[in-house]
Amino acid sequence: MTAFPVVRYPLSEWILRRSRRVGPFARGWLGQPYAYLIGPEANEFVFAHDSHFSQHEAMKALIPVDGPTSVVVSDPPEHARRRALVRPGLHRKAVAGYVDTMARTASEALDAARWGEPVDGYQLFRAAIRRSTMRCLFGERIADHADAVGEALEPLLDLVVMMPHALAVHQKLNTPRWRRAMAARERLDAFVLGEIDRLSAQPDQDESQVLATLVHGRDGSGSGLSREEVRDQVVTLIAAGYETTSAAMGWALYGLGGRPDALAAAVAETRDVVGDGPVTVEHLPRLRWADAVVNEALRLYPPASINARYVIRELTFQGHRIKPGTMIVHSAYATQRSPEVFDAPEEFRPERWLEGHKAGPGEFIPFGGGAHRCLGHVMATTELTVMLATMLARGGYTLEDQTVKASGVTSMRPVPGVRMRLRKA
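For every chain, the first residue of its written sequence is number 1, and the numbers climb from 1 along that sequence. This being a predicted model, a pLDDT of at least 70 is required before a residue's local features are given, and a value of 80 or more before pairs of side-chain atoms are given or counted; all residues contribute to the totals for chains, interfaces and linings. Hydrogens and waters are ignored; side-chain quantities use all the structure's heavy atoms.

Peer 1: For this particular structure, what's the right way to read the sheet that holds strand β2 (residues 33-37)?
Peer 2: Within a sheet, adjacent strands bond to each other through the backbone by hydrogen bonds, running parallel or antiparallel. In this description, strands pair whenever DSSP reports at least two bridges between them. Helix numbering and strand numbering both begin at the N terminus, where a helix is a DSSP run of H or I of at least 4 residues and a strand a DSSP run of E of at least 2. Pairing in this open sheet of five strands is mixed, and the strands run β1-β2-β8-β5-β3 from one edge to the other. Among the strands making up the open sheet, the edge pair consists of β1 (25-29) and β3 (53-54). Across three bridges, the pairing between β2 and strand β8 (residues 327-330) is parallel. Of the residues in β8, the one forming a bridge with Y34 is M327. Here, residues are in contact when the closest pair of their heavy atoms is within 4.5 Å. Orientation is described by axes fitted as lines to C-alpha atoms, over the contacting stretch for helices, and by angles from 0 to 180 degrees between their N-to-C directions. The strands touched by helix α1 (residues 10-22) within the sheet are β1, β2 and β8, with β1 carrying the most contacts at an inclination of about 125°.

Have a look at this one:
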């Protein structure tokens with residue numbers, strides 16, 4: 001079925017094997033009590049009990065990048081207030097208006113690549129997705145600094161891909177790695193806060209409705225965001241918007257490239273739909289292969305392969321008491337690679353989505369669920385589809401012989417990358 005072996009992520013594989021051996025519930029200890037809840041029913045249970053968890057305690061390892069007031073590390077009532085002001089720029093209707101920008105950015109990146117010569121497709125699209133995300137959400141002025149922002153973010157992202165207890169050691173010892181990350185954060189903050197201050201002083205000169213909403217917006221109670229809160233939401237949207245999306249793009253390239261038959265079918269359909277012009281929002285409903293490839297990449301290689309919830313109120317799952325202070329771990333990776341949930345789960349088979357596969361509750365959860373479901377899921381899937389289709393419409397690509405591994409906790413990246421050669425139609 002595939003010319004390239006499936007890539008396994010060791011930590012999530014351990015969770016998957018353990019769930020097969022002991023069932024959907026298990027206990028553990030890693031400096032504190034852990035409970036592993038694995039499988040569709042467990043996922044639904046976790047998503048239905050948001051009020052029993054502290055998101056801040058579970059996700060505080062992201063604070064060095066996103067900041068202490070980021071929506072992804074917020075608990076009620078601040079979570080709802082911040083989410084309400086971030087949501088409009090990520091709404092489905094708003095995202096539809098970004099498609100032309102996504103396609104243009106993908107085309108620019110592909111135009112700059114050398115056709116027929118080896119290129120790291122993961123890094124190529126990582127840079128393109130970063131620039132596209134910044135253009136869509138914050139306008140050309142800020143996107144002009146995409147490379148500098150990416151350079152500042154990398155030491156921070158490299159810090160938070162490690163396990164939380166290892167991160168705590170680096171922070172406590174003020175290691176060179178920690179110091180480099182904090183110096184990078186100072187550079188990043190100087191730029192972002194400068195843009196916030198500029199817009200605050202000159203509100204009529206900004207081209208970005210998203211940034212304007214964050215700076216000047218008010219929720220239903222008339223409350224807005226502080227300068228520091230705006231900073232944290234901006235950085236969160238940029239970092240999360242391209243880190244996880246680019247990881248998914250890398251896995252889509254790897255998976256589809258290992259299926260020459262599926263790649264040929266995807267190229268043929270995309271060229272038939274798009275022709276010689278750019279991908280537009282009107283094309284999206286007919287790009288069935290591109291959409292299926294994106295879904296299959298998110299199934300087999302969910303960027304957030306594991307997720308956590310910190311228990312603050314006791315709850316019971318299948319007769320097991322889970323006390324406050326326990327860290328619950330659930331895993332999209334373990335669920336979506338389970339043979340009880342998906343047929344041939346370790347095959348990259350986009351056809352399953354073309355054949356009308358409908359995932360049941362808790363079965364397909366690459367963006368989480370419940371009150372903390374990823375706000376950017378529509379943006380991410382649209383950007384992936386547009387970027388992939390833009391390349392396929394030009395003729396596709398071939399993979400180089402290579403060994404790819406999965407690395408990272410908050411985002412499962414393909415390392416060292418995905419080497420390929422772009423192909424003209």
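Peer 1: How should I be thinking about the packing of aromatic side chains in this particular structure?
Peer 2: Aromatic ring pairs: the centre-centre distance and the angle between the two ring planes describe each pair. Any Phe, Tyr or Trp ring, taking Trp's six-membered ring, that has another such ring centre within 6.5 Å forms a pair; planes under 30 degrees apart are called stacked, those over 60 apart edge-to-face, and the others tilted. With the rule as written, the count across this model stands at eight aromatic pairs. Ring geometry for F4 and Y254: centres 5.7 Å apart, planes at 70°, overall edge-to-face. A residue pair is termed long-range when its members are at least 10 positions apart, and F4 in the segment before α1 and Y254 in helix α13 (residues 227-257) qualify at 250 residues. Here the term buried applies to any residue with accessible area under 20% of the maximum for its type, exposed to any over 50%, and partly exposed to those in between, with areas from a 1.4 Å probe on protein chains only. Relative accessible area serves as the criterion here: at 11%, F4 is assigned to the buried category. Residue classification places Y254 among the buried residues on the basis of a relative accessible area of 3%. Ring centres of Y34 and Y36 lie 6.2 Å apart, and the angle between their planes is 25°; on these two criteria the pair is classed as stacked. Following the ring pairs from residue to residue traces out a cluster consisting of F4, W251, Y254 and Y301. The ring of F342 is capped by R299, whose NZ or CZ atom sits 5.3 Å from the centre of that ring. Should the NZ of a Lys or the CZ of an Arg lie within 6 Å of a ring centre and within 35 degrees of the ring normal, that charge is described as sitting over the ring.

Peer 1: Please explain the pairing of strand β5 (residues 307-311) as it appears in this structure.
Peer 2: The two faces of a sheet get side chains in turn, since along a regular strand they alternate between them. In terms of strand pairing, β3 meets β5 through two bridges, oriented antiparallel. Paired with S54 across the two strands is Y310, which belongs to β5. Bridging between β5 and β8 involves four bridges; their strand directions are antiparallel. Among the inter-strand pairings, A308 is bridged to a residue of β8, identified as V329.

Peer 1: Which parts of the structure should I look at to understand the side chain of R18?
Peer 2: By secondary structure assignment, the location of R18 is in helix α1. Once you skip the residues sitting within four places of it in the chain, R18 turns out to touch G23, A26, R27 and Y36.

Peer 1: Can you help me understand the pairing of β1 in this one?
Peer 2: Strand direction decides the pairing type here: β1 and β2, joined by five bridges, are antiparallel. When the sheet's bridge partners are listed, A26 is paired in β2 with Y36.

Peer 1: Where do I start with unusual backbone geometry in this structure?
Peer 2: Excluding glycine, residues mostly carry a negative phi; peptide bonds, for their part, are mostly trans. P77 follows P76 through a cis peptide bond whose omega is 0°. Note on placement: P77 falls in the loop between α4 (63-66) and α5 (78-86). Omega for the peptide link from V415 to P416 comes to 0°, which places this bond in the cis form. A positive phi is found at Q318, a non-glycine position, where the angle reads about 50°. Within the secondary structure layout, Q318 lies in the loop between β6 (315-317) and β7 (320-322).

Peer 1: Could you clarify how one ought to interpret the nonpolar core in this entry?
Peer 2: The tendency in soluble globular proteins is for nonpolar side chains to be buried as a group. Residues grouped as a nonpolar core are buried Ala, Val, Leu, Ile, Met, Phe, Trp, Tyr and Cys residues, joined through side-chain atoms within 4.5 Å. Within the largest apolar cluster, 123 residues are counted, with the highest numbers of intra-cluster contacts made by F138, L153 and L388. Ranked by residue count, the leading element in this core is α13, at 14 residues. Once residues within four sequence positions are removed from consideration, L153 is found in contact with V65, L188, V235, I238, A239 and Y242. If you look at the next biggest cluster of nonpolar residues, it comprises 15 residues, including F25, L315, I322 and A332.

Peer 1: Help me understand the sheet that holds strand β12 (residues 419-422) in this model?
Peer 2: Here we have three strands laid out as an open sheet, ordered β4-β12-β9, and antiparallel in their pairing. Here the strands that pair on one side only, and so sit at the sheet edges, are β4 (118-120) and β9 (397-399). For this sheet, the mean angle separating the axes of adjacent strands, direction not counted, is 40°. With three bridges connecting them, β4 and β12 associate as antiparallel partners. By the bridge assignment for β12, D120 is matched with R419. Seen against the sheet, α13 touches β9 and β12 and runs at an angle of roughly 85° to β9.

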